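# Analysis of the macromolecular model
For reference, the chains in residue letters:
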Amino acid sequence: MDAPLYLRPRVDPPLASLLRAGTFLHSLVDALGSPLNVLLPETVAENARRFRAVYSRHRLTGRVYFAHKANRSSALVRRLAAEDVAAVGVDVASLEELRHALSCGFTGDRILATGPKDAEFLWLAARVGATVNLDSPNELEQLSALVRTHGLGRVAVLVRLSGFESADGHGGAGTRLLSRRSRFGTPLRDAEELLSALERNADAVELTGVAYHLDTTGVEEKVRALEQCVLFMDTCRARGLAPRAVDIGGGFGIGYVAEAGEWERWTTALSEAVLGSRPPLTWRGHGYGLRNEGGTVRGAVALYPGHRPTAGPGYLDELLSLPAPVLGRSSANLLLEHLHDLYIEPGRALVDQCGLTLARVLDVRLADADSGHHLVRLGMNAGDMSLEEHGVLVDPVLLPRGKPEEGEEGPVGVFLAGNLCLEADLITRRLVHLPRLPRPGDLLAFANTAGYAMDFHAHRAQRQPFARTVAVERQGDDDWRWCPDEDYWPIPSPGGTSA
Amino acid sequence: MRYDSITEAIGNTPLVRIDPAVHGLRNIDLYAKLEMLNPFGSVKDRPAWHMARPLLEGAADGDGTVVELSSGNTAKALALLAGMHGLKFKSVTNRMRVPEIKDLLLLLGAEIEELPGRSECLDPTDTDDPLTHFHQALSDPGSTYLHTDQYFNPRNVEAHAAGTGPEIVKDLDGKVPDWFIACVGTAGSSTGVARALREHDPRVRVLGLVAHKSDFIPGIRTIDEVHQVGLFDPATYDTIESVTSHEALDGMITLIRRCGLLSGPTGGAAYQGAVRHLRQADAELEDTGQRRTAVFIVCDRAESYLSYVRQRRPELLGRAGRGHSASALTDAEVRESARVIGVDEALRWTTTGEPRPLVVDLRSPHAYAALHIEGSVNIVDELFEDLLRGGLPFSKRTPVLLACPVGEKSLRYAAALTRMGHPDIRSLEGGIVGWRDAGAPLVRE
């Protein structure tokens, strides 16, 4: 076999020490079944503090809103609700998320309602005094009508803008930064219509800020959008409106793979495998978007950038430090000097290192005799743990049931299959290298799955059990307590079970 | 030398020997092929002209636009060639990370489209690959685009097979060098020169240099990126090695400061990669009495990469400070010298003071225009720092209130001015933000 192509996960202290508590994790799965999601609520609060530290460094005020859709857990939302009310809020994208946030202790004034909204969602948001992030003039009219019909108070609104690339007004030669088209937001070129709608409905809504969310890892595009928002705020002020906040959305990212070298070796090997100059790295030669056309690699690789040198708070810091293309000052300076608050909506980045997903090994067999690769069947399916769906490639951590036997062989390449009776139900389409062959009864722990990977795609197909979710807290050095996610409250409680 | 057109000046570049005292190879003569001396400044002049010529001649009456995926030198050459023929030029790229090159292209009349960054939330149904759009636009029946297609166009290679390669052989008195070293971008120069040299003598060894994977060297592709180039064929190279931006800058500085060659980082990478590779062979030749030759390409010049250098090696462009400076003060010095004034007292001072203070707002003009303290003047902090170098910018009889967003920068300037001898400088505590939060009036004029 070639040298093993590991993609070992980045695990920071609390998660790393949880992974060392193998006996505890085995006892949890024995009691609650496989798959099992385990959350560390304390880490989400720590991450919020890291984002706040970037605010402080740039002297900025405003709030960090947790994008709830990243994880449906109660423990995480309750833990954030216990943080400083001025500093931490929650961003909800559905009626159920709004109800959940309220039930977890968030008051309406700390809630931002975003995403596609129906009338019920709009009504409840307006009723509890949440800020509504408006997607279009249409939604603005719908909300205003509800406010009038039901005699509700004036609703604080943000307007979500899009289409920043064409806003430069260059004639002829110049630079145009292209952006991916988005379904959301009102294009800047339709801003006039938006402004008159805001003025027309001033009795029902109050503009408190301007928002954007760009689906890109490119900071330049975001800096340009941020600056366009600052300029737009100025237009609003000239029209007599008084917005204060610029909401720059999320997309701060996570670095999943610990070492840059492993990520680079693997992606290079993928290109070589697509070209046929080395054996395939994937189930049936899947190319993750790359293809071989006459000896040249074409297509774009559909993978999350596994190793990111700057992600999360570091990425925010970089974004705030970059000079804006028109006004020249750094984005942070721009916000500060114009006296604007900064809102951010991290989802994935806020739940970095907050959880893992456990699956029991059910069966191990040779995939084919030629390659020597094995097929490992797990007590979970691709819906339970959708790293692959999000293009996140990272190795699971093997938690053996007992002690390894004498002379047990070294690194092996395995494919991880799920518990559905479907050819397509693979946990990874990638050949995963593990330090040794797993045995039935062992656990595989997928680290860092709290952001989107944990339960975003889970469904009841074939009546396989859903993953239960538990919250864990460290007590002393290596002693852990756990409770069901729904029973976690961020206050000292007699509940919870010791390991 | 008399020419009818600048295009006649393309090619026939000098081959210059590098002083052995610089590279330290005792048995190998190392030559630099100075492609930076082409009229538009780089090795790309040759393929640009060779690829564009038939298109330009075909569009002589034209209102077409020449397009290329280029982040630099090819775009530069094509923009000039297109301009000479009355056509426009558009560059599409996501690799244009050197601001001077972008500005230079704009000066030449080019239009630049920068491709978006990668998606943060993966959408498996995404068909919106911007490069796909680009190629669709090119093949649109009504399109007036002339695509030179440097990564796939065989005329890119031909330009070097017919020009650069034979010139090297001619200048080495009819012999091929033992090693030819080139950085791989479009693979055009390395493939074309290698072909010409091998036809002459197949014993030549070709070293291709690529950028270290996580690194960025303008004009060179990484080992993954070369696989996306249609002209790239691994069989062209006897060896492929990677170089870092650190090595590229080391090499560039050596060529500039010790050899008088005003090379850019790509030439630096080629030099440094060549010397690193040849050191072993040189040791093996010791005491055999044999001599060998090697040729590398200096692709372009240094001037366009000053901000690249500033970002990675600021000390090479360092300037000593001069005059007074607020940023040179320590925090302790600032605390000791600066006077602050709270919002309430500042309000009284600015309305009833005798004399009233001059209020200086240190924020950017755009922010000042949006909202400011009535009657204040705007001197943006960067300018203010420059003003201080020359001496006190205010009369000692004029009291001054300095304001910035949160009262941090103004505190520093207040300390500096006080130390320069001004008797009544105060910094607004909490800044404009504090002023607003206290409900004090801000105006828009």
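Residues numbered from 1 in each chain as written. Chains lettered and ligands numbered in written order. Predicted model: local features only at pLDDT ≥ 70, side-chain atom pairs only at ≥ 80, totals over all residues. Heavy atoms only, no water.

Residue and element names in this part refer to chain A. As annotated by UniProt and renumbered to match this structure, "modified residue: N6-(pyridoxal phosphate)lysine" (unreviewed entry) occupies Lys-69. Along the chain, Lys-69 turns up in the loop between strand S2 (62–67) and helix H4 (74–81). Those residues in contact with Lys-69, other than ones at most four positions away along the chain, are Asp-91, Glu-97, Tyr-452 and Phe-456. (UniProt positions renumbered as here; feature names shortened; annotations may be inferred. Helix = DSSP H or I, 4+ residues; strand = E, 2+ residues; numbered from the N terminus. Contact = heavy atoms within 4.5 Å.)

Moving on, we get to the domain arrangement of chain A. How large an interface is tends to be reported as the accessible area lost when its parts come together. Residue and element names in this part refer to chain A. Split by domain assignment, chain A resolves into domain 1 (15–40 + 353–487), domain 2 (41–253 + 309–351) and domain 3 (260–299). Interface of domain 1 and domain 2: buried area, both sides summed, is about 1500 Å²; carbon and sulfur atoms make up 51% of it. For the pair domain 1 and domain 2, the number of links is 1 salt bridge. Of the residues contributing to the side of domain 1 that touches domain 2, the split by class is 11 nonpolar, 3 polar and 4 charged. (Domains from an automatic or database assignment. Buried area = accessible area lost by both parts, 1.4 Å probe. Salt bridge = Lys/Arg side-chain N within 4 Å of Asp/Glu carboxyl O. Nonpolar A, V, L, I, M, F, W, Y, C, P; charged D, E, K, R; others polar.)

Before going further, it helps to spend a moment on the sheet that holds strand S11 (residues 340–341) of chain B. Residues and elements named next belong to chain B. Read from one edge to the other, the open sheet built from 5 strands follows the order S11-S15-S14-S12-S13, with strand pairing classed as parallel. Two strands close off the open sheet at either side, each with one partner strand: S11 and strand S13 (377–378). Bridge count between S11 and strand S15 (residues 425–428): 2 bridges; the pairing is parallel. When the sheet's bridge partners are listed, Val-340 is paired in S15 with Ser-427. Sheet contacts for helix H16 (residues 409–419): S11, strand S14 (400–403) and S15; angle to S15, the most-contacted strand, approximately 175°. (Pairing = 2+ DSSP bridges. Axes fitted to C-alpha atoms, helices over the stretch in contact; angles between N-to-C directions.)

This brings us to H4(A). All names here are of chain A. Buried residues dominate H4, accounting for 8 of its 8 residues. Restricting attention to buried positions, one finds in H4 the residues Ser-74, Ala-75, Leu-76, Val-77, Arg-78, Arg-79, Leu-80 and Ala-81. Those residues of H4 hidden inside the fold are in contact with strand S1 (36–39), helix H3 (41–57), S2, strand S3 (88–92), helix H5 (95–103) and strand S20 (468–475). Capping the start of H4 is the job of one residue whose side-chain oxygen sits 3.0 Å from the backbone nitrogen of Ala-75: Ser-73. (Buried < 20%, exposed > 50% of the residue type's maximum accessible area, 1.4 Å probe, protein only. Polar contact = N/O pair within 3.5 Å; in protein donor to acceptor, adjacent residues only side chain to side chain.)

So, on to the UniProt feature "domain: Rhodanese" (unreviewed entry) in chain B. Feature annotation in UniProt places "domain: Rhodanese" (unreviewed entry) on residues 353–444 of chain B, given in this structure's numbering. In residues 353–444 of chain B, helix accounts for 37% and strand for 15%; the two terminal C-alpha atoms are 23 Å from one another.

Looking along the chain, the bond that leaves Ser34(A) and enters Pro35(A) is cis, with omega of 0°. Tracing the chain through its elements places Pro35(A) in the loop between helix H2 (22–32) and S1. With an omega of 0°, the peptide bond between Glu354(B) and Pro355(B) qualifies as cis. The residue Pro355(B) is located in the loop between helix H13 (343–352) and strand S12 (358–361) in this model. A positive phi is found at Asp173(B), a non-glycine position, where the angle reads about 55°. Within the fold, Asp173(B) resides in the loop between helix H6 (154–171) and strand S7 (179–183). At Ala187(B), a residue that is not glycine, the phi angle is positive and equals roughly 70°. The topology assignment puts Ala187(B) in the loop between S7 and helix H7 (188–200). Judged by its relative accessible area of 2%, Ala187(B) falls in the buried class.

All names here are of chain A. Inspection of the secondary structure puts Thr-428 in the loop between strand S17 (412–417) and strand S18 (432–434). Residue Thr-428 is classed as buried on the basis of its relative accessible area, which comes to 7%. Note: C-alpha distance between Thr-428 and Asp-395 (33 residues apart in sequence) is 9.6 Å. Leaving out residues up to four positions away in the same chain, Thr-428 has contacts with Glu-388 and Leu-416. A polar contact is formed between the side chain of Thr-428 and the backbone oxygen of Arg-430, at a distance of 3.0 Å.

What follows covers the interface of chain A and chain B. Between chain A and chain B, the contact holds 49 residues from the first and 49 residues from the second. Here chain A and chain B share an interface that buries about 4300 Å² over both sides, 50% of which is from carbon and sulfur atoms. Three residues stand out in chain A for area buried against chain B, namely Arg180(A), Arg329(A) and Leu339(A), and they jointly supply 16% of the buried area on that side. Summed over the shared surface of chain A and chain B, the result is 4 salt bridges. Of the charged contacts, one joins Asp234(A) and Arg444(B) as a salt bridge, the two residues approaching to 3.4 Å between their closest N and O atoms. Taken together, chain A and chain B are joined by 16 residue pairs in polar contact (both at pLDDT 80 or more). Those elements that provide at least two residues to the side of chain A that touches chain B are strand S7 (175–177), helix H9 (219–238), helix H10 (260–275), strand S12 (296–298) and helix H12 (331–337) of chain A. Looking at the side of chain A that touches chain B element by element, the count peaks at 7 residues for H10(A). Grouping the amino acids of the side of chain A that touches chain B by side-chain chemistry returns 16 nonpolar, 16 polar and 17 charged. Sheet topology places S7(A) next to strand S5 (residues 111–114) of chain B; 3 bridges connect them, and they run parallel.

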